[in-house]
Amino acid sequence: MTLLRRKPLRRWARLAGISILIGATAAANAGEWPERPIRLLVPYGPGGSSDVVARAVAAEMSRDLGQQVIVENKGGGQGTIATTEVARANPDGYTLILGHVGTLAVNPSMMPKLNYDPRRDFAPIVLLAKLPMVFAVGGNVPAKTLPEFVQLARSKPGEINYGSAGNGSAGHLAFEMLKTAAKIDVVHVPYRGTGAQVNDLLAGNIDAAAAGTPGLLPHAQAGKIRIVAVGSAARLSVLPDVPTVAEQGYPGFESSQWFGLLAPAGTPDPVIKRLHQAAVHALDTDAVRNRLAHDASEPSGAGPAEFAAFIDAEEQRWGRVVKDAHLSIE
């Protein structure tokens with residue numbers, strides 16, 4: 001009788017051992033992440049601030065992770081096309097989105113039929129950087145300062161226009177803030193990305209624009225456009241002679257865009273931690289720091305919890321701007 005009982009016990013022990021081995025193998029495989037390249041979608045076209053930040057960080061993260069982080073520009077729909085794709089992607093850490101003030105903090109207030117929920121559909125990884133907005137006028141516009149531009153706009157209500165990277169983009173909201181503060185009537189011309197917007201500013205097809213420094217600074221340095229104000233609280237080291245909007249008669253004015261990495265909700269915590277670690281390491285490299293400093297961007301590195309709280313606060317702040325400017329997109 002005893003012998004008859006030992007066989008099932010030995011069989012159970014062998015099965016238990018196999019189960020433990022399978023579990024250990026699965027854990028080992030999970031620890032080997034990533035095993036293939038990672039897609040990083042940028043929700044705007046090439047040439048803008050989002051593209052610059054994404055490519056600088058992705059290059060260094062690739063070295064740290066031992067797999068390529070491949071940047072894909074997928075503009076359109078005010079950034080919703082790429083953002084929605086990542087919200088619906090497999091939560092395995094191989095598809096990421098470059099989060100942006102426009103897609104995460106502005107769109108929820110501007111678009112009542114948004115296909116994603118910034119809180120529910122994503123796992124925040126890291127806040128990468130903040131970048132002050134700058135305001136520029138084309139070479140054919142006679143204004144050399146912000147007060148002169150405001151005076152010109154007031155003398156021609158509804159005749160002066162400005163471009164942005166798209167409806168709901170950081171440049172769009174920054175200029176709407178300026179319109180409200182300065183009480184001017186200028187017409188918004190949305191583009192699919194900063195590159196197209198800047199090309200038309202250079203060609204004289206639009207009068208003014210708001211964007212981050214990467215898209216506008218080189219052309220200002222070449223004398224093709226003029227930057228008349230910066231949206232930060234203090235002047236920028238790369239533009240020491242350009243006063244802030246606040247300095248030029250609008251105290252308390254501040255407008256910056258920001259960038260961060262997010263994964264689909266449900267991505268395993270160990271993967272989120274590994275991505276955060278790689279991103280922070282990238283921000284500490286000379287290559288990324290120098291690139292961000294060149295564009296007057298401020299690196300952050302804030303982790304998942306802090307980044308999530310930041311997104312919530314920004315959504316409330318920009319929601320008020322959207323409401324005050326009576327903006328909406330169907």
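Small disclaimer: the values here were computed from a predicted structure and weren't measured. (Residues numbered from 1 in each chain as written. Predicted model: local features only at pLDDT ≥ 70, side-chain atom pairs only at ≥ 80, totals over all residues. Heavy atoms only, no water.)

Participant: Any details on the overall build of the chain? Residues and values, ideally.
Facilitator: Assigned secondary structure in the chain consists of eleven helices and ten strands. Dimensions along the principal axes, computed over C-alpha positions, put the chain at roughly 105 × 40 × 30 Å. Sorting the 330 residues of the chain into buried and exposed places 53% on the buried side. Sequence-distant contacts, at least 24 apart, represent 78% of the contacts inside the chain between residues at least 6 apart. When the accessible surface of the chain is totalled, it reaches about 15,000 Å², and 54% of it is carbon and sulfur. (Helix = DSSP H or I, 4+ residues; strand = E, 2+ residues; numbered from the N terminus. Buried < 20%, exposed > 50% of the residue type's maximum accessible area, 1.4 Å probe, protein only. Contact = heavy atoms within 4.5 Å. Areas by Shrake-Rupley, 256 points an atom, 1.4 Å probe, with all protein chains shown as cover.)

Participant: A description of helix α6 (residues 170-182) should follow, citing residues and the corresponding values.
Facilitator: Every α-helix winds through 3.6 residues per turn, so residues three or four apart in the chain are directed the same way. Between the first and last C-alpha of α6 there are 18 Å, a value that for 13 residues agrees with the 18 Å anticipated at 1.5 Å per step. Buried residues dominate α6, accounting for eleven of its 13 residues. Of the residues making up α6, those classed as buried are A170, G171, H172, L173, A174, F175, E176, M177, L178, K179 and A182. Just downstream of α6, K183 is the residue with a positive phi angle, here 55°. (Expected span 1.5 Å × (residues − 1).)

Participant: Give me the lowdown on the domain arrangement of the chain, citing residues and values where you can.
Facilitator: Here the domain parsing of the chain yields domain 1 (38-130 + 257-325) and domain 2 (132-248). The C-alpha centroid of domain 2 is placed 25 Å from the C-alpha centroid of domain 1. Between domain 1 and domain 2, roughly 1,700 Å² of surface is buried when both sides are summed, and carbon and sulfur atoms account for 65% of that area. When residues of domain 1 are sorted by the area they lose upon contact with domain 2, Q257, D295 and A296 head the list and together hold 23% of the total. Counting every contact that joins domain 1 to domain 2 gives zero salt bridges. (Domains from an automatic or database assignment. Buried area = accessible area lost by both parts, 1.4 Å probe. Salt bridge = Lys/Arg side-chain N within 4 Å of Asp/Glu carboxyl O.)

Participant: Lay out the pairing of strand β9 (residues 256-264) with the relevant residues and their values.
Facilitator: Across the nine residues of β9, nine count as buried, placing the element largely inside the fold. In this structure, strand β3 (residues 95-100) lies alongside β9, joined through four bridges in antiparallel fashion. Following the sheet pairing, L98 is matched in β9 by L261. Direction of pairing for strand β4 (residues 122-138) relative to β9: antiparallel, over a ladder of nine bridges. Along β9, the bridge assignment pairs P124 with L262. (Pairing = 2+ DSSP bridges.)

Participant: Talk me through the packing of aromatic side chains; I want residue IDs and the actual numbers.
Facilitator: Scanning all chains against the criterion turns up eight aromatic pairs. Measuring from ring centre to ring centre gives 5.8 Å for W33 and Y94, while their planes differ by 50°; the resulting arrangement is tilted. Residue W33 is found in the loop between α1 (2-31) and β1 (38-42), and its partner Y94 is found in the loop between α3 (80-87) and β3; the two are separated by 61 residues along the sequence. The pair W33 / Y94 is uniform in exposure class, with both members buried. For the pair Y162 and F175, a centre-to-centre distance of 4.1 Å together with 15° between the ring planes defines the contact as stacked. Of this pair, Y162 sits in strand β5 (residues 161-164) while F175 sits in helix α6, and the two are 13 residues apart along the sequence. For the pair Y162 and F175, one class covers both residues: buried. (Phe/Tyr/Trp six-rings, centres within 6.5 Å; stacked < 30°, edge-to-face > 60°.)

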